[in-house]
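# Understanding the architecture of this molecule
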Amino acid sequence: MDIVERLRDGVNRFYGNEPTGLMNEAADEIERLREALQSIKKIPNSETAYAIIQTFVDDALKDKE
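Here we take up the pattern of salt bridges. Overall, the coordinates contain four salt bridges when judged by the stated rule. Residues joined in a network through salt bridges with shared partners are Arg8, Asp28 and Glu31.

Pasting the structure below:
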């Protein structure tokens, strides 16, 4: 079982389907970081790649609003 699924399962067991709790926040963070890594993986190697990668990194590390 995937770590995100395990965290969400724990949230559902203890909190129901409410999107609250530290485990749910951790699962959200992991999912955002995974999405960013998948996007970075698709970038071709070039001189402009660094700026693009930095944008993805900044977005992944940005706090939820």
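Our next topic: the packing of helix H2 (residues 22–41) against helix H3 (residues 49–61). Remark: H2 packs on H3, axes separated minimally by 9 Å, with the N-to-C direction vectors making an angle of 175°. Accordingly, the angle class assigned to the pair H2 and H3 is roughly antiparallel. Contacts from Glu29, Arg32, Leu33, Ala36, Ser39 and Ile40 in H2 reach Ile53, Phe56, Val57, Ala60 and Leu61 in H3. Taken together, the residues of the contact of H2 with H3 sort by class into eight nonpolar, one polar and two charged.

The share of residues in the chain with pLDDT of 70 or more is 85%, and the mean pLDDT across the chain is 77. Within the chain, the lowest mean pLDDT, 79, falls on helix H1 (residues 3–15), and the highest, 82, falls on H2.

With that out of the way, let us pick up the environment of leucine 7. Tracing the chain through its elements places leucine 7 in helix H1. Exposure remark for leucine 7: the relative accessible area of 17% places this residue in the buried category. Taking the C-alpha atoms as reference points, leucine 7 and alanine 27, 20 residues apart in sequence, are found 6.1 Å from one another. In contact with leucine 7, other than residues within four places in its own chain, are Met23, Ala26, Ala27 and Ile30.

Basis of the calculations
Residues numbered from 1 in each chain as written. Predicted model: local features only at pLDDT ≥ 70, side-chain atom pairs only at ≥ 80, totals over all residues. Heavy atoms only, no water. Salt bridge = Lys/Arg side-chain N within 4 Å of Asp/Glu carboxyl O. Axes fitted to C-alpha atoms, helices over the stretch in contact; angles between N-to-C directions. Helix = DSSP H or I, 4+ residues; strand = E, 2+ residues; numbered from the N terminus. Parallel < 35°, antiparallel > 145°, perpendicular 65-115°, else oblique. Contact = heavy atoms within 4.5 Å. Nonpolar A, V, L, I, M, F, W, Y, C, P; charged D, E, K, R; others polar. pLDDT = per-residue confidence, 0-100. Buried < 20%, exposed > 50% of the residue type's maximum accessible area, 1.4 Å probe, protein only.

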